[in-house]
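# Reading the structure
One letter stands for each residue in the lines below.
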Amino acid sequence: MRIVEVDPTSCVACRNCEYACAFKQTGDFDIKDSNIRVNFYPEERACIPWTCVHCGEGWCMEVCPAGAILRNPETGAVEIDANHCAGCKMCLLACPSGSIHFDKVELVSKKCDLCGGDPACVKFCTSGALQFVEEEEAYSFRRESLDNKLKRLFGLNKRGS
Amino acid sequence: MPERETVQTLCRMCDDRCAINVYLEDGKIVDIDGYKEHPWNRGRLCVKARAAVDMVYHPERLLKPLKRTKRGFEEIPLQQALDEIAERLLAIKDKHGARSISIWKGEAIGFAQEEDMARRFVHALGSPNYFSNDSMCYNGRYFGYRLVEGSWPVPDYENSRCVVIWGANPPHAHPNMTQMIMRARKAGAKLIVVDPRMSAIARQADLHADLKPGTDGALALGLIQQLIETQGYDREFVEHYTVGFTELAEYAKAFSPERVEEQTGVAAAVVRELARTIAAAAPRVAVYVGNGPEHHENGINNIRAVACLDAILGALDREGGNRLVEGFKANHLTLYDEIPLEHLGPIGADRFPVLYGFRQECHTMTGINTILSGEPYPIRAMILTAANPALTNPNTLKVREALGSLDLFVVRDLFMTPTAELADYVLPAASFLERVELHTHAKYQRITMTRKILKFPDVQDEYQFWHDLAHRLGIGEYFPWEDETELTRWILEPTDISLERAAAHPEGIEYTPIRYRKWEKEPFNTPSGKVEFSSQYLKDLGYPALPEYKPPAYLESPDPEYPFVLITGARKLIYYHSRFRNIKRFRTAIPGPEVELHPEDAAALGVADGDSIRITSRIGSVEVPAKIKSAVEILPGTLQMTHGWKEANVNLLTHDDRFDPISGFPLMKAVEVQVENV
Amino acid sequence: MQIVIIGNSAAGLSALSRFRSIDRESPITLISAESGTAYSKVLLPYYLRRKIPYENLFIRRPEDYTQAGIKTEFGVKVKRVDTESHTLTLEDGRTIGFARLLIATGSRPFLPPIEGLAGANVYHLWTLSDTEQLDSLFRPGQRALVIGSGFIALQAAWAAQQRGLKVTVFELLPRIMPTVLDDRAAAVLRQKVEEHGVEVRIGIHTEAVERTRKGLLRVQTKGHPPLDVDLIIVGAGVRPNTELLDGSPVQIDRGIPVDEYMETNVPGIYAAGDVARGPTAFGETHQTHALWPTAVEHGRIAGANMAGRSVPYQGSLNMNVTEMFGITVASMGKFIEDEGLTSHVIDEAGQSRYVKIILREGIPIGAVALGDADDTVILGRLRPWIRNQRSLPDVGGFLEGRYLLPRQVA
Ligand SMILES: Cc1cc2nc3c(=O)[nH]c(=O)nc-3n(C[C@H](O)[C@H](O)[C@H](O)COP(=O)(O)OP(=O)(O)OC[C@H]3O[C@@H](n4cnc5c(N)ncnc54)[C@H](O)[C@@H]3O)c2cc1C
Ligand code: SF4
Ligand code: SF4
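Quick notes on the rules
- Residues numbered from 1 in each chain as written.
- Chains lettered and ligands numbered in written order.
- Predicted model: local features only at pLDDT ≥ 70, side-chain atom pairs only at ≥ 80, totals over all residues.
- Heavy atoms only, no water.
- Helix = DSSP H or I, 4+ residues; strand = E, 2+ residues; numbered from the N terminus.
- Buried < 20%, exposed > 50% of the residue type's maximum accessible area, 1.4 Å probe, protein only.
- Contact = heavy atoms within 4.5 Å.
- pLDDT = per-residue confidence, 0-100.
- Salt bridge = Lys/Arg side-chain N within 4 Å of Asp/Glu carboxyl O.
- Buried area = accessible area lost by both parts, 1.4 Å probe.
- Polar contact = N/O pair within 3.5 Å; in protein donor to acceptor, adjacent residues only side chain to side chain.
- Nonpolar A, V, L, I, M, F, W, Y, C, P; charged D, E, K, R; others polar.
- Pairing = 2+ DSSP bridges.
- Axes fitted to C-alpha atoms, helices over the stretch in contact; angles between N-to-C directions.
- Domains from an automatic or database assignment.
- Near = heavy atom within 4 Å.
- Core = buried A, V, L, I, M, F, W, Y, C linked by side-chain atoms within 4.5 Å.

### Observations regarding the overall build of chain A
Within chain A, the secondary structure is distributed over 5 helices and 8 strands. When the 161 residues of chain A are sorted by exposure, 64% land in the buried category. Nonlocal contacts in chain A, meaning residues at least 24 apart in sequence, comprise 56% of its contacts between residues at least 6 apart.

Given below as structure tokens:
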């Protein structure tokens, strides 16, 4: 399957992706509605876009007590079925990368569904930091410099999860 | 089932002109996304593009001609409006002469054939007074480079080993240029950003020189000095293809890294590092200069100094450097050769001979003065299309007074703007989705033709308007083409690209293959035929021959009453000059104006984020909410405020009498102000 | 290889799907004492307060079982397990052989030994049939007493209040949510509960329940006047369903202790979910959480190992989240201050926002969040840090939304 690959070494936190996603969800530009989030840390000069990677064994999907999170057989996307989501928020707690958020109007959880296979965030990313690529090919770019940037940012030394 | 159709054209929500797919249902546009085949944007778009749908169907859009009456604006039939305008123009021409009639062309209509139509019209009428937004945009850079290299080159980002973005913020101002820069970086290029602010592009910079506003020339000369001192320059190129190197080298000697630090605030070590980085990448150094250095009293020479780097590095017209563009040899609409009107005293041509000499255009700020004073001769009528100077030109109050005092003021726009409010007639204009025109992407030497996708009954495209008016004024012979499609056919006539072929290639057609090192065979487009570090042309006009650096006024003679320096005009991604404030969701994203300031300044003023502050310059005051940036994003003592807001118009503060002496560009990026907490 | 899974809920189903993803062939029998396809216990309060429709309680369709290629025995209890002969005995007398067995029988509510409590008009909120029963009794104006103030008790109170009942909550201990929240969070939540018109009495000892002639329940407490109510909902903890193992060599100790492969002391017999006591992320070897996510994790580990893989369990990390009384309540790991621990707290009482992260030598070990759902997201991001025992140098920054290092990138 293809996923949205994010490249913090190209992102400029222009927020095109957040607007494009929010628009797709609600027709408005409230970035709180976006399923992709970009964090910018001026001191570190770091721009970190992040969205769901549609984990092979999606913990959100397994944990959802409503069976509302399913993999789309065509796109491979892990999707929340708003008609079955009870709004229990267990998936929010389950996702290790914070890729699910709660819609305070509809009272259901929301996440990236890859726009049915043509993600708007990528189409509106003018820096090229977002690419829609085969999962196996994702994150093969300039590992080293990216790792260093992230390590500096997060002060990490151990392998993440 | 609704009838669905997809049409490719170019987005013109900004001047980048990205290729788009326009999706129609029963003739109505329902969506827009990126068209993948065009090399400019490769299918990617910024979020403004989709808002074109909202713009064209906006409930506030003007769809009928309006006429000012005692009761305010009233709708009148289109033909009547044109008849009345023609009649009044002829009366003014009779009374004050043709040159009392002027045209003001704005950014919103672009720089292709629509610009040339306006120029053609006014010349056909016998007036040299063509004004445009270029009195304060683009020309500064164009002149700077033209004086040195003969034209403004395009950065060959993708082949570059070092990209220098100087006073520009592509992510917000030229969104898809960002992907080109990032492609270069992925291939290993270094990114240098020169900007007083940590702009969006600076977030990815390997080196960011956060110089004080208006000190660009000192930095550029410092780099030249370093490159020469460390032998990091292209001897052979300099020797064969340039004039004035010795003088420049001599002049630059004074710009040691220490002196540069003292002027610009950029540490001497950083200056050395910048020089080392570009020298290591030479000749594959691509430099893009933005609006930042233009709006200063020393703008042109600062830009000239930056332009000199191309030749010193041997990067000019080399792969990965700055490539000289070969133009599209089509028919041109302008009439400067057929009807020269220089003898009629184009407004501003005496004071800014380079502006008229290079671009045949008049100086808007001088024009405003002329309207008010009647000197040296009256300007009594103006047709303004696609501009909003009541918000975007400096010294708003004066602009409003002048435009409001005209005997006839006609405005063409999509919306009722503060400028249109001053008009006698407001005519509904066609959006880019309602026009056929040819666009050039210089970077790819490609032309692309746009499509007329929509048509509203009383909305004329630019050509139809000029055509219909010209025929009422007895100059119809200059507008013989039936419509803009026929006009476009004529423009293409001398080329090997037919209208039909252009229409069949929404991805654009390369009109001439890209070549490098054209200087091996062809002279530069300068008086000497060489790169001119030193310009006899300028010297003859009484300007310094070398790109001499003059410190900005706020540094040279600080005014204790106005201790802050205000940068205006940094672009926001979703707004374009004064446009799109009426797109509802854009207001969700950025609800209103704000002024950026340093946290220490905010603390000293006792200002919290979002608090209203009053900014006052010598000529006016505005109140605006404060946006406190982080300490690394803006220099202390420096403010930044974006233009184009009705609610807090920064041009109430900017001066219309302080210019760069060569280009006539106003000082807009280093305005001395004071700040109070209100 | 005949596989038998007892339990048609979180643990059993997650084991089933993991097993099937590895082994498409082996015959499986899934047994459940309850009839009908699987429903979600967690969602019962959501239905009761009308957040979701009845049909959304069901998390499997009949065809899901057929598609998984398994045999089902629903509505029949397992009475006995014979580990010698590898057979089960059902309550209707039939026997079923197994090569490998998973016990995922869950738990059942505990009825405190209060005089007169057992009897008419006293309910639990535990199974679908409990819920259906309560649903028919929830009529506006009725008075309800909820005994206990844990997650489920308070959700029952919230549902009853939403349905127009007049609700009182009794908690024996001096504060509500004694095991799932810290003192401060409990106080914030209590205020929210009371703002919704629910009366909360803490430190209260219920002595006896009497049935009046009008069919009312009169609740006698120490030191307070008696309280008359129409119904009582008891939410005072759970006990594991282990009776079927009585007399078998499978070890039982307040649940079924299992090793890191979710296997009991008897090879080939596994246990998962509320009934099991497995390892935790903090190194404890046998713990019960009685939480849905733990049941799911147990199930998938058991399923993989039953299918022949050798997948050790990292240990469970308790996590809990729910919305009640207009506020999101989430907790995870160890969140009570103690010697040698530090805490990082955001306490915006005005906003009803409270977030606390507990650290041991810079390594986060637990957290509580009350207020907005956004803070739940932060807790979710903290989970891998707790699990991997990574030190968090900038807790303040993390709470402001700093992203953790995504796995795919590291
Ligand atoms: C109202 C309510 C709300 C809850 N809310 C939350 C929450 O918000 N978050 C959270 O983490 N947890 C919550 N829980 C707890 C969660 O539901 C349990 O931890 C989880 O269901 C445990 O799953 P399990 O598979 O181990 O057991 P159970 O779900 O209890 O399932 C046990 C299965 O075994 C079957 N069974 C039992 N005995 C036998 C037998 N002898 N023979 C055959 N079959 C048998 C039963 O019929 C059933 O199918 C809630 C529980 C309830 C009741
Ligand atoms: S919030 Fe919705 S999608 Fe998320 S776990 Fe709960 S029911 Fe499933
Ligand atoms: S950058 Fe945006 S507004 Fe400009 S042409 Fe491209 S899509 Fe349109």
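Now that the structure is up, let's keep going.
### Some words on the side chain of B:Thr392
Along the chain, B:Thr392 falls in helix H15 (residues 389–392). Apart from residues lying up to four places away in sequence, B:Thr392 is in contact with B:Met136, B:Ser578, B:His643, B:Asn651 and B:Met668.

### A look at unusual backbone geometry
Leaving glycine aside, a negative phi is the common case for residues, and trans is the common case for peptide bonds. Residues and elements named next belong to chain B. Backbone torsion omega between alanine 282 and proline 283 reads 0°, so that peptide bond is classified as cis. Within the secondary structure, proline 283 sits in the loop between helix H11 (268–281) and strand E13 (285–289). One non-glycine residue with positive phi stands out, namely tyrosine 138, at about 75°. Looking at the secondary structure, you find tyrosine 138 in the loop between strand E7 (130–132) and helix H4 (139–149). Although it is not a glycine, glutamine 445 sits at a positive phi angle of roughly 45°. Following the sequence through the fold, glutamine 445 ends up in the loop between strand E18 (438–441) and strand E19 (446–449). Note on glutamine 445: relative accessible area 0%, which makes it buried.

### Points about the confidence of the model for chain A
This prediction gives chain A a mean pLDDT of 87; 86% of its residues lie at or above 70. Scored below 50 in pLDDT, residues 149–161 of chain A makes 40 contacts in the model with residues more than four places away or belonging to other chains.

### Regarding the arrangement of the chains
Contacts between protein chains span 2 pairs of chains, and they are most numerous for chains A and C. The two units chain B and chain C are non-contacting; their minimal C-alpha-C-alpha distance is 15 Å.

### Notes on the pattern of salt bridges
Under the counting rule described, the total for this entry stands at 89 salt bridges over all chains. Here B:Arg489 ties to B:Glu500 by a salt bridge, and the two come within 3.1 Å at their closest N and O atoms. Of this pair, B:Arg489 sits in helix H18 (residues 484–492) while B:Glu500 sits in helix H19 (residues 499–503); the two residues are 11 residues apart in sequence, bridging distant segments of the chain. On the basis of relative accessible area, B:Arg489 is assigned to the partly exposed category, the value being 33%. In this structure, C:Arg184 and C:Asp347 form a salt bridge, with 2.6 Å as the shortest nitrogen-oxygen distance. Of this pair, C:Arg184 sits in helix H6 (residues 183–195) while C:Asp347 sits in strand E23 (residues 341–348), and the two are 163 residues apart along the sequence. A relative accessible area of 32% places C:Arg184 in the partly exposed class.

### Remarks on the interface of chain A and chain B
Each partner contributes residues to the interface: chain A has 32 residues there, and chain B has 35 residues. Note on chain A versus chain B: buried area summed over both sides is about 2800 Å², and carbon and sulfur give 54% of it. On the chain A side of the contact with chain B, A:Phe29, A:Arg45 and A:Thr126 bury the most area, a combined 24% of that side's loss. On the surface where chain A and chain B come into contact, there are 2 salt bridges. With its nearest N and O atoms 2.9 Å apart, the salt bridge here joins B:Lys186 to A:Asp7. Counting across the interface, chain A meets chain B through 18 residue pairs in polar contact (both at pLDDT 80 or more). Elements that contribute at least two residues to the side of chain A that touches chain B include exactly helix H1 (16–26), helix H4 (120–123) and strand E8 (130–134) of chain A. Split by residue class, the side of chain A that touches chain B holds 16 nonpolar, 8 polar and 8 charged.

### Focus on the sheet that holds strand E4 (residues 78–82) of chain C
Note: strands within a sheet are paired through backbone hydrogen bonds, in either parallel or antiparallel orientation. Residues and elements named next belong to chain C. As summarised here, the arrangement of the 3 strands in space is E4-E5-E6, forming an open sheet in which the pairing is antiparallel. Two strands close off the open sheet at either side, each with one partner strand: E4 and strand E6 (95–97). Taking the axes of each pair of neighbouring strands and ignoring which way they run, one obtains an average angle of 20° across the sheet. Of the pairings in the sheet, the one linking E4 to strand E5 (residues 87–90) comprises 4 bridges and is antiparallel in character. Paired with aspartate 82 across the two strands is threonine 87, which belongs to E5.

### Considerations on the domain arrangement of chain A
The parts lose accessible area when they come together, and the size of an interface is often stated as this lost area. Residue and element names in this part refer to chain A. Split into domains, chain A comes out as domain 1 (1–51 + 112–161) and domain 2 (55–111). If you look at the interface, domain 1 gives 14 residues, while domain 2 gives 12 residues. Both faces combined, the contact of domain 1 with domain 2 buries some 990 Å², and carbon together with sulfur accounts for 49% of it. Sorting the residues of domain 1 by area buried against domain 2 places Met1, Asn35 and Cys112 first, and these three jointly supply 37% of that buried surface. At the boundary of domain 1 and domain 2, one finds 7 residue pairs in polar contact (both at pLDDT 80 or more). Of the residues that constitute the side of domain 1 that touches domain 2, the class distribution is 4 nonpolar, 6 polar and 4 charged.

### Digging into the site of ligand 3
The immediate surroundings of ligand 3 are formed by B:Cys11, B:Met13, B:Cys14, B:Asp16, B:Arg17, B:Cys18, B:Leu45, B:Cys46, B:Lys48, B:Ala49 and B:Pro175. Considering only residue class, the shell around ligand 3 consists of 8 nonpolar, no polar and 3 charged.

### Observations regarding the nonpolar core
Counting 160 residues, the largest nonpolar core has B:Ile165, B:Trp166 and B:Ile278 as its most contacted members. Formed by 143 residues, the second largest nonpolar core is a distinct cluster that contains A:Ala68, C:Val188, C:Ile357 and C:Ile386.

### Things to note about the domain arrangement of chain B
Residue and element names in this part refer to chain B. Under the domain assignment used here, chain B contains domain 1 (4–56), domain 2 (66–135 + 333–434 + 453–496), domain 3 (154–323 + 518–540) and domain 4 (553–677). Here the C-alpha centre of domain 2 lies 28 Å away from the C-alpha centre of domain 1. Counting from both sides, the interface comprises 15 residues of domain 1 and, opposite them, 14 residues of domain 2. Across the interface of domain 1 and domain 2, roughly 1000 Å² is buried in total on both sides, 76% from carbon and sulfur atoms. Per-residue buried area on domain 1 facing domain 2 is highest for Arg12, Met55 and Val56; these three make up 53% of the total on that side. The tally of links between domain 1 and domain 2 comes to 1 salt bridge. Here glutamate 107 makes a salt bridge to arginine 12, at a shortest N to O gap of 3.1 Å. Applying the counting rule to domain 1 against domain 2 returns 1 residue pair in polar contact (both at pLDDT 80 or more).

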